Amino acid sequence: MRDKTQDDKQNLQQTATEAVSEADTIEQDAPVVAAAPKRKLAGMQILAIFIIILALIMFALPFVNSALIKRYSQLNLNAITASELQRNQQNDAHVAFEDIEEIGIINIWPWLNKYDRDNIVGLLNFPSLDIKLPIFNSASNENLLAGVATLKPEQKMGQGNYTISGHRARGKGVLLHNLMDAEIGSVVKLSDKEKIYIYRVVDALQVENEAVHMLDDAQMEKYGNKPLLSIMTCHFGKSTSRWFVIASLEEIVDYSDAEFNRPD
């Protein structure tokens, strides 16, 4: 007769073997079960990193754009000659401001440093605001990233209501950003490199977009019938308004780099 103890030992060994085998099977299958949640977690982490990087880029772009605009608007005005300016004044002017787009985050890149030098007809210097820019006789997205543009055709410095406009870009010292800081009595200079036209600020005001009368020569009647310089830009935070700085002509002197660039 077979020893029961021996049979019990054999049964126990078989049971243990089956348990170990089942445990190995479970252990082998576990990574397969856990792999899907791990892949999902990794995907979410990658997406989160991408969103953070995108947010940082969107935050930094306006500052990068301002730096680029400032760099490319700082032309060497001393290198522009009087004969070049006189020749450019004979070129056809384009003043269709309806074609001009607002400065955005991305849209300016194709326009940077693409201004037309043949459109430069004069120079603007607003010493107290650190504004020194070329004046273009044609408004284009490219030109307005490098300077200001005349608002009426065939204007002459020192005559009538000489009107110019430009972007109020982000960042101090970028294009006309500082214009809203203009103070009554400040000196503003225009030049065609033959003469310097010295104006003094007499008014600064906010107007609605439709206030086209601000461009008329009749505005001189409000300021002692003196020739005017009217500088227009966007009003900060109000897309339906424009900001004007009005200056009246004080004197006309012969051009020299020292006089034009002299701080007042």
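Residues numbered from 1 in each chain as written. Predicted model: local features only at pLDDT ≥ 70, side-chain atom pairs only at ≥ 80, totals over all residues. Heavy atoms only, no water.

Student: Is there a simple way to explain the overall build of the protein chain in this structure?
Tutor: For the protein chain, the count of helices and strands is 3 helices and 8 strands. Ordered by position from the N terminus, the helices and strands of the protein chain form the series α-α-β-β-β-β-β-β-β-β-α. Split into buried and exposed, the 264 residues of the protein chain put 39% on the buried side. Pairs at least 24 residues apart make up 68% of the contacts formed inside the protein chain by residues separated by at least 6 positions. Total accessible area on the protein chain stands at roughly 15,300 Å², and carbon and sulfur atoms take up 56% of it. (Helix = DSSP H or I, 4+ residues; strand = E, 2+ residues; numbered from the N terminus. Buried < 20%, exposed > 50% of the residue type's maximum accessible area, 1.4 Å probe, protein only. Contact = heavy atoms within 4.5 Å. Areas by Shrake-Rupley, 256 points an atom, 1.4 Å probe, with all protein chains shown as cover.)

Student: Explain the pairing of strand β5 (residues 187-191) here, please?
Tutor: Within a regular strand, side chains alternate between the sheet's two faces. Burial within β5 is extensive, with 5 of its 5 residues counted as buried. Neither face of β5 is open: one carries V187, K189 and S191, the other V188 and L190, and all of them are buried. The pairing of strand β1 (residues 120-126) with β5 spans 3 bridges and is antiparallel. Opposite L123, over in β5, you have S191 as the bridge partner. Two elements, β5 and strand β6 (residues 195-208), share 5 bridges in a ladder whose sense is antiparallel. When the sheet's bridge partners are listed, L190 is paired in β6 with Y197. In this structure, the hairpin formed by β5 and β6 is closed by a connection of 3 residues, where K193 is found at a positive phi of approximately 70°. (Pairing = 2+ DSSP bridges.)

Student: Could you clarify how one ought to interpret the environment of I108 in this entry?
Tutor: Along the chain, I108 falls in the loop between α2 (82-88) and β1. Taking the relative accessible area as the measure of exposure, I108 reaches 0% and is therefore buried. Along the backbone, I108 and N141 are 33 residues apart, and their C-alpha atoms lie at a distance of 8.1 Å.

Student: Looking at this structure, how should I read the pairing of strand β2 (residues 131-136)?
Tutor: Most of β2 is tucked away: 5 of the 6 residues are buried. Of the strand pairs in this sheet, β1 and β2 are connected by 6 bridges, and their pairing is antiparallel. Pairing of I120 across the sheet is with F136, part of β2. Hairpin connection from β1 to β2: 4 residues lie between these consecutive antiparallel strands, with D130 at a positive phi of about 55°. Of the pairings in the sheet, the one linking β2 to strand β3 (residues 148-150) comprises 2 bridges and is parallel in character. Considered in β3, the bridge of F136 is made with A149.

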